[in-house]
Amino acid sequence: MSANGAPAGPPVRVSVVVCVYTEDRWEDILAAVSSVRAQSRPALETLLVVDHNPVLLDRLAGEYEEIAEVRVLPNAGPRGLSAGRNTGIAASRGEVVAFLDDDAVAERDWLSRFAAAYDDPRVMAVGGRTEPVWASGRRPDWFPDEFDWVVGCSYRGLPSGLVRVRNILGGNASFRRTAFDLAGGFATGIGRDGDKRPLGGEETELCIRIGRASPDAVLLVDDRAVIHHRVPEAREHFAYFRTRTYAEGLSKALVARSVGANKGLESERRYAARVLPAGVARGLRDQALARRGGARRAGAIVAGVLTAAAGYVVGSVRARRNGTTFSQVRIDAPAGADREAAA
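All of these numbers come straight from a predicted model, not from anything done at the bench.

Thresholds, definitions, all that
Residues numbered from 1 in each chain as written. Predicted model: local features only at pLDDT ≥ 70, side-chain atom pairs only at ≥ 80, totals over all residues. Heavy atoms only, no water. Helix = DSSP H or I, 4+ residues; strand = E, 2+ residues; numbered from the N terminus. Buried < 20%, exposed > 50% of the residue type's maximum accessible area, 1.4 Å probe, protein only. Contact = heavy atoms within 4.5 Å. Areas by Shrake-Rupley, 256 points an atom, 1.4 Å probe, with all protein chains shown as cover. Axes fitted to C-alpha atoms, helices over the stretch in contact; angles between N-to-C directions. Parallel < 35°, antiparallel > 145°, perpendicular 65-115°, else oblique. Left-handed = near helix turned anticlockwise from the far one by under 90°. Nonpolar A, V, L, I, M, F, W, Y, C, P; charged D, E, K, R; others polar. Salt bridge = Lys/Arg side-chain N within 4 Å of Asp/Glu carboxyl O. Expected span 1.5 Å × (residues − 1). Pairing = 2+ DSSP bridges.

Caption draft 1: Geometry of the overall build of the protein. When helices and strands are counted, the protein shows 10 helices and 11 strands. Expressed as a percentage of the 343 residues in the protein, the buried residues total 55%. Look at the contacts in the protein between residues 6 or more apart in sequence, and 79% of them connect residues 24 or more apart. Per element, the accessible surface of the protein, about 15100 Å² overall, is 52% carbon and sulfur.

Caption draft 2: Examining unusual backbone geometry more closely. Positive phi, normally seen in glycine, also occurs at histidine 52, with a value near 55°. Assignment of secondary structure puts histidine 52 in the loop between β2 (45-50) and α2 (54-63). Residue class for histidine 52 comes out partly exposed when judged on its relative accessible area of 38%. Unusually for a residue other than glycine, alanine 290 sits at a positive phi of about 65°. Inspection of the secondary structure puts alanine 290 in the loop between α9 (266-288) and α10 (294-322).

Caption draft 3: Region of interest: the packing of helix α1 (residues 26-37) against α2. Two elements in contact, α1 and α2, have axes separated by 13 Å at closest approach and are oriented at 40°. With respect to α2, the element α1 is oriented oblique. The chirality of how α1 crosses α2 is right-handed. On the side of α1, the interface is formed by Trp26, Ile29 and Leu30, while α2 contributes Leu56, Arg59, Leu60 and Glu63. Looking at the contact of α1 with α2 residue by residue, the class counts come to five nonpolar, no polar and two charged.

Caption draft 4: Inspection of helix α3 (residues 81-91) at higher detail. Most of α3 is tucked away: 10 of the 11 residues are buried. By the burial criterion, the buried members of α3 are Ser82, Ala83, Gly84, Arg85, Asn86, Thr87, Gly88, Ile89, Ala90 and Ala91.

Caption draft 5: Up close: the pattern of salt bridges. Applying the stated criterion across every chain yields a total of 27 salt bridges. The residue arginine 25 makes a salt bridge to aspartate 103 at a minimum N-O spacing of 3.5 Å. Taken as a pair, arginine 25 in the loop between β1 (14-20) and α1 and aspartate 103 in the loop between β4 (96-100) and β5 (104-106) lie far apart in primary sequence, 78 residues in all. Neither residue differs from the other here; arginine 25 and aspartate 103 are each classed as buried. The residue glutamate 268 makes a salt bridge to lysine 252 at a minimum N-O spacing of 2.7 Å. Taken as a pair, glutamate 268 in helix α9 and lysine 252 in helix α7 (residues 238-259) lie far apart in primary sequence, 16 residues in all. Here the two residues glutamate 268 and lysine 252 agree in accessibility, since each one is buried. Residues participating in the shared-partner salt-bridge network are Arg166, Arg244, Glu248, Lys252 and Glu268.

Caption draft 6: Quick peek at helix α6 (residues 202-213). For α6, with 12 residues, the first-to-last C-alpha span of 17 Å sits near the 16 Å given by 1.5 Å per residue. α6 sits mainly inside the fold: nine of its 12 residues count as buried.

Caption draft 7: Representation of the pairing of β4. Counted residue by residue, β4 has five buried out of five residues, so it is predominantly covered. Where burial is concerned, the two faces of β4 agree: the one with Val96, Ala98 and Leu100 and the one with Val97 and Phe99 are both buried. Relative to strand β8 (residues 172-176), β4 runs antiparallel, the two sharing five bridges. Its bridge partner lying in β8, phenylalanine 99 is registered against alanine 173.

Below is the structure:
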């Protein structure tokens with residue numbers, strides 16, 4: 001039986017998409033694919049989508065040419081993570097499409113946790129928990145848990161357990177294939193684009209569109225669906241923290257422009273009003289108790305809020321002046337036949 005009491009259908013088949021772009025992550029890519037192949041519930045297929053890097057494409061094709069369940073594809077759209085994901089979606093054959101970052105490894109029951117939630121036909125997306133693996137071996141003492149999203153990980157303030165949410169995080173995510181038929185794919189022109197400014201927000205914008213296209217849709221996070229995400233040494237420094245929070249503000253401005261500020265900033269307002277003040281208070285308390293890094297953590301939270309706000313203001317002005325610069329993509333098959341309509 002499903003969660004709403006209806007008879008459960010046949011088990012869903014899950015395709016896993018891993019988007020890659022640089023040979024610098026070669027060992028990470030191999031580890032990510034190995035973690036998918038070691039799942040307690042096997043994936044139907046693993047799709048490696050290579051973002052406009054012919055050398056990496058050829059190397060991966062050679063690496064996996066004798067492994068039928070791993071398919072290597074070129075990104076059929078413009079450079080960037082969103083188009084790479086759309087290429088994987090278009091080529092996928094499963095009823096559910098899961099996404100794993102190329103520098104992360106999934107725990108053995110990752111896919112089984114995702115798949116179980118889809119027994120309820122209302123469920124359109126399920127996300128999981130992403131744990132940081134710091135290159136230095138431990139969390140920098142100044143880095144607040146509330147800002148782990150800066151390094152692509154789950155952060156303090158997210159609900160625990162199996163809970164309904166507005167949106168899931170893209171590096172550890174799954175979607176019912178029909179969600180893309182209803183709402184389209186990931187918007188291009190927003191989110192990561194190779195080595196450019198570390199933007200985000202594309203999964204938030206997509207999840208809100210899914211909810212609008214299907215008002216009864218249920219989006220969930222299951223914190224038992226765990227992946228471990230490598231945080232390189234360069235991202236352990238405050239300079240990256242500042243750059244990433246500013247970029248998040250720019251991204252939220254685009255999301256708000258697309259779906260409206262009320263919905264686009266609904267979760268962010270609660271986070272800023274409840275989670276962050278508690279984090280500042282916790283840091284100051286730690287400092288008073290002579291615990292290492294307390295004042296710096298409190299200061300980082302304040303700095304993160306200010307730089308994100310500055311990015312949002314700048315992004316909002318640019319959006320009003322220039323209009324949106326991203327496109328919402330309809331997923332067609334086969335891969336490479338994506339058609340875009342201006343947002």
